Amino acid sequence: MTGTGRDHSFQEIRPVRALQTPAFELAEVTVPSGFAEHDRRLEELAQAAAAQVASRTELLLAPLTDSLVEMSLDLGNGFEDLLEDARANVGEEKYGLARELLEEYLEQYPDHHEARYLRAYCMFHLDDEEHEEALRILRPLRDEQLEPGLRDRVGQLRRELRRRLTPGEITAYATVVKANPRRAFARLETFLELAPEEGTLSYLLALGQARDGDLDKALATAERGAAEADGDREQVAALARRLRLALLAPAVRPVVEALKQGALYQARSMLAGVEPGRPRAVVLEDLDAFIGLLIVRPHETPVPQLPSERLNDLYALIAEPDTQQAMLLMNTGRVEQAENLLARQLALVPGFPWLNFAYALCLLRIGRHPDRAAACAEIAQRDPTITQGRELLTAIRGWQEALVINPVVEEYVKAMETVRGGASVNALSLLGTRLGLLQRRLPELRRAARTEAGTQVVEELGKAIGDRLTEIDEATVVGALFEKYERVMSTVQGGIRTDQEATGLAASLDALTKEIRTAGKRSGQTTSVRRQLDELAGVVSARRSEVDRVTASLKVSALVQRFNRLAEEQTSSYSRSTRPDPYRVRAELTGILQQATALRNGGRKTLEERDRKLLDDLIGAISGTLR
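Definitions and cut-offs
Each chain has its residues counted from 1, running along the sequence as written. Totals for whole chains, interfaces and linings use every residue, but because this is a predicted model, local features are given only for residues with pLDDT of at least 70 and side-chain atom pairs only at 80 or more, for both listing and counting. By convention in this description, side-chain values take in all heavy atoms of the structure and omit both hydrogens and water. Per the convention used, a helix needs a DSSP run of H or I reaching at least four residues, while a strand needs a run of E reaching at least two, with both numbered from the N terminus. A 1.4 Å probe rolled over the protein chains alone gives each residue an accessible area, and that area as a share of the maximum for its type sets the label: buried under 20%, exposed over 50%, partly exposed in between. Residue contacts are defined here by distance: any two heavy atoms, one from each residue, within 4.5 Å place the two residues in contact. The protein chains shown are the only cover counted for residues, whose accessible areas, like all others here, come from Shrake-Rupley with a 1.4 Å probe. Expected span of a helix, by definition, is 1.5 Å for each gap between consecutive residues, and there is one gap fewer than residues. The criterion is simple. A nonpolar core is a set of buried Ala, Val, Leu, Ile, Met, Phe, Trp, Tyr and Cys residues joined through side-chain atoms within 4.5 Å. Each polar contact in these results corresponds to two N or O atoms within 3.5 Å; when the atoms are within protein, one needs to be able to donate a hydrogen and the other to accept it, and residues that are neighboring in sequence are counted only if both atoms are side-chain atoms. The salt bridge definition used is simple: a Lys or Arg side-chain nitrogen within 4 Å of an Asp or Glu carboxyl oxygen. Axes, fitted as lines to C-alpha atoms, cover a helix only where it is in contact. Angles between the N-to-C directions of the axes lie from 0 to 180 degrees. Here roughly perpendicular refers to angles of 65 to 115 degrees, roughly parallel to angles under 35, roughly antiparallel to angles over 145, and oblique to all remaining angles. Each residue gets one of three labels, nonpolar for Ala, Val, Leu, Ile, Met, Phe, Trp, Tyr, Cys and Pro, charged for Asp, Glu, Lys and Arg, and polar for the others, Gly among them. Only Phe, Tyr and Trp rings take part, Trp by its six-membered ring, and two of them pair if their centres are within 6.5 Å. Stacked means planes under 30 degrees apart, edge-to-face means over 60, and tilted covers everything else. The arc in question is the one traced by the directions running from the helix axis out to the C-beta atoms. Two helices that cross are described as forming a left-handed crossing if the nearer one is turned anticlockwise from the farther one by less than a right angle, and a right-handed crossing if clockwise. Scored between 0 and 100, pLDDT is the confidence that the predictor attaches to each residue.

The subject of this paragraph is the overall build of the protein chain. When its secondary structure is counted, the protein chain shows 24 helices and zero strands. Among the 627 residues that make up the protein chain, the fraction classed as buried is 44%. Considering only contacts in the protein chain between residues 6 or more positions apart, those separated by 24 or more positions represent 70%. Looking at the protein chain as shown, the accessible area adds up to about 32,600 Å², and 50% of this sits on carbon and sulfur atoms.

Right, let's get into the environment of Ala374. Its place among the elements puts Ala374 in helix 16 (residues 370–380). The class for Ala374 is buried, based on a relative accessible area of 2%. When the C-alpha positions of Ala374 and Trp399 are compared, they lie 9.5 Å apart, and in sequence the two are 25 residues distant. Residues within four places of Ala374 in sequence aside, it is in contact with Leu393, Ile396, Arg397 and Gln400.

Moving on to helix 7 (residues 181–194). The end-to-end C-alpha separation of helix 7 is 20 Å, in line with the 20 Å expected for 14 residues at 1.5 Å each. The elements touched by buried residues of helix 7 are helix 5 (131–143), helix 6 (148–176), helix 8 (199–211) and helix 9 (215–228).

All right, on to the nonpolar core then. Val252, Leu259, Leu284, Leu287, Ile318 and Ile396 are the most contacted members of the largest nonpolar core, which has 58 residues in total. Elements represented by at least two residues in this core include exactly helix 10 (233–260), helix 11 (264–272), helix 12 (282–296), helix 13 (308–331), helix 14 (335–348), helix 15 (353–366), helix 16 and helix 17 (389–417). For this core, the element with the highest residue contribution is helix 13, accounting for eleven residues. Within the second largest apolar cluster, 45 residues are counted, among which are Leu101, Leu141, Ala195 and Leu201.

If a residue is not glycine, its phi is most likely negative; likewise, a peptide bond is most likely trans. Even without being glycine, Glu93 reaches a positive phi, approximately 65°. Tracing the chain through its elements places Glu93 in the loop between helix 2 (80–91) and helix 3 (95–108). The backbone phi angle of His369 is positive, close to 50°, even though this residue is not glycine. Along the polypeptide, His369 turns up in the loop between helix 15 and helix 16.

Moving on, we come to the side chain of Arg87. Structurally, the position occupied by Arg87 is in helix 2. In this structure the side chain of Arg87 is engaged in a polar contact, spanning 2.4 Å, whose partner is the side chain of Glu114.

Moving on to the pattern of salt bridges. Throughout the structure, instances matching the rule amount to 40 salt bridges. Note that Arg158 and Glu197 form a salt bridge whose closest N and O atoms lie 2.8 Å from each other. Placement of Arg158 in helix 6 and of Glu197 in the loop between helix 7 and helix 8 is noted, with a sequence separation of 39 residues between them. As far as the burial class goes, Arg158 and Glu197 line up, both buried. Across the salt bridge formed by Asp617 and Lys613, the nearest N and O atoms sit 3.3 Å from each other. Here the residue Asp617 and the residue Lys613 both occupy positions in helix 24 (residues 609–625), the gap between them amounting to four residues, near one helical turn. Overall, Asp617 belongs to the partly exposed group, its relative accessible area being 42%. Judged by its relative accessible area of 52%, Lys613 is exposed. Taken together, the salt bridges that share partners define one network made up of Arg139, Arg142, Asp143, Arg158, Arg162, Glu193, Glu197, Glu198, Arg224, Glu228 and Asp230.

The next point concerns the packing of helix 5 against helix 7. The interhelical angle for the contact between helix 5 and helix 7, taken along N-to-C directions, is 55°, at an axis separation of 8 Å. With respect to helix 7, the axis of helix 5 lies oblique. Side by side, helix 5 and helix 7 meet where Glu132, Leu135, Arg136 and Arg139 of the first sit next to Phe191, Glu193 and Leu194 of the second. Of the residues contributing to the contact of helix 5 with helix 7, the split by class is three nonpolar, no polar and four charged.

A few words on the packing of aromatic side chains. Counted according to the given criterion, the structure contains five aromatic pairs. Taking the centre distance of 5.5 Å and the plane angle of 70° together, the rings of Trp354 and Phe357 count as edge-to-face. Of this pair, Trp354 and Phe357 are both found in helix 15, three residues apart, which corresponds to roughly one turn of the helix. Given a relative accessible area of 1%, Phe357 falls into the buried group. Three or more aromatic residues joined by ring pairs form one cluster here, namely Tyr95, Tyr117 and Tyr121.

Glancing now at helix 18 (residues 425–440). Compared with an ideal rise of 1.5 Å per residue, which puts 16 residues at 22 Å, helix 18 spans 23 Å between its outermost C-alpha atoms and is within 8% of the ideal. Within helix 18 the residues assigned to the buried category are Val425, Leu428, Leu431, Gly432, Leu435, Gly436 and Leu438. On an axial view of helix 18, the arc spanned by its buried residues comes to 160°, and they lie on one face. Of the residues in helix 18, the exposed ones pointing more than 90 degrees away from the buried face are Asn426, Leu430 and Arg440. The secondary structure elements touched by the buried residues of helix 18 are helix 17, helix 19 (442–448) and helix 20 (452–490).

This brings us to the packing of helix 10 against helix 11. The contact between helix 10 and helix 11 brings their axes to 8 Å, and the two run at 165°. Regarding the angle of helix 10 to helix 11, the classification is roughly antiparallel. Crossing of helix 10 over helix 11 shows left-handed handedness. For the pair formed by helix 10 and helix 11, the contact residues are Pro254, Val255, Ala258 and Leu259 on the first element and Leu264, Ala267, Met270 and Leu271 on the second. Across the contact of helix 10 with helix 11, the residue classes break down as eight nonpolar, no polar and no charged.

A few words on the environment of Pro298. Turning to its location among the elements, Pro298 is positioned in the loop between helix 12 and helix 13. Judged by its relative accessible area of 54%, Pro298 falls in the exposed class. The spatial distance from the C-alpha of Pro298 to the C-alpha of Gly262 is 9.4 Å, given a sequence separation of 36 residues.

With that out of the way, let us pick up the environment of Gly504. Locating Gly504 in the fold gives a position in helix 21 (residues 499–520). In sequence terms Gly504 and Thr491 are 13 residues apart; their C-alpha atoms lie 9.9 Å from each other.

Averaged over every residue, the pLDDT of the protein chain is 80; residues scoring 70 or more account for 85%. Segment residues 28–33: pLDDT under 50, and 17 contacts once partners within four positions in sequence are set aside and those in other chains are kept.

Here's what the structure looks like:
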């Protein structure tokens, strides 16, 4: 008889993947004062202009006679009929005839507000080619004092004309600017004279002029756009502030250098001599006040109590050149030098968004101080002009969580490698201990997860650990049952020699069978565990059947031995002339016969062929003797 042992194998386990840090690629290599966004912004606007289909919805003409009170001229009766007829024809949508009447009327009264408006209105409806001329006619009316009803209609018509004409101007500018920027600028300037409300065009023109090196003209364009635009006003105003800083920077550079070297009194004295060539900029006053704070509080970096725009302008004046230099260093692979440069500036202007953006990017690239990098990225992403601020923060958040989550994932993988190909009960116990320790760290990992991907990885890891621990519990029970079977079978390695040994082994196997059945009734078992339990149950059942056959064979052997002893006694008694008691012999033979018959009748499944033949011979011999 031999036993069997099993190593537990984990099957169909989905691997837990490590968390990948989101990639971040810098799209623009300079801070905004480099005006590098001109081409990108132009491309966006050109694509939008190409896709835009101008709506041909007709404008509704408000009543022209009852609500309109002419404010510009007191007319006589000579030409009043012309205006009345023109109004009537406009109402009947006879725009060609109305235009002729209005042009005749305007020869006598060229400044008449309503007539000029109606002429432009007729041109709007008659021919698309005359839309620009209609806008030119309406341009002076924008600045003249009009009756409120007429002013509203003028504004409405101007907005519609601008909406239709502006996309074409953007397309024309995009087509010409690369080959002939001055020509493109001139055309855009001409259109802006007609439509100064188009803040987007002021922004685009100012950017182009700045990129072309004419900062003074660019600033004038941006300042006018900020003053007159009714769309994108904030964007144009922000550009104007940047341009002012760009113009001031060369004059202020010696002051800033003295400030960074700690020569505060010298810096303040030099600042007093700066003449920017226009009324003193507010940012210079803020710089002077900042230097004063540093003088009063030399052992700390005070934060000026200024509105956010003014504070950003102050910080940009101080740190923008170094930020640009750091970006160039990063682009040439000198990230450590960039980090050192930015760290020094950050101590002086901790709230400057672009400096924080660059520093966070540096730390991400060199893989140091993730929490500090996240704090800097949070400051940077508050500035809407930093278009990649949110993307950088997302990448750093992924980096932060990966630093916490991935080591635990790696430890899980290493732990599972220890049982690759199978495991003993002892190995499973050690694995369960390791996985239990990892399971205790799951709350920490859930707190560390900052992104959806991180949360998903933690949940996958938690489920994997839970599944493995459940399987280990079951596998440990199965393994223990296999080991118990081995111990039971080891007691009869030399074979079963006595009926007592057979009885003891049978009892042990019966007890083991009950334990296997109990284990098999547990819920949630895997297919592998159920298969192994069934396999062990089959082995135990086979061994139990073998015990029954051995037991039967021992009983047959014992009966044969008893019969043979009686036969020997009979033979030896004749030689000694001492005959045994015939009644005792007959009684013993009868007992042997009864036991042999009972064993033969009840042992059809447990008797080997040899044992059955022995019993048949024994029964025949005894029966013949007792006749």
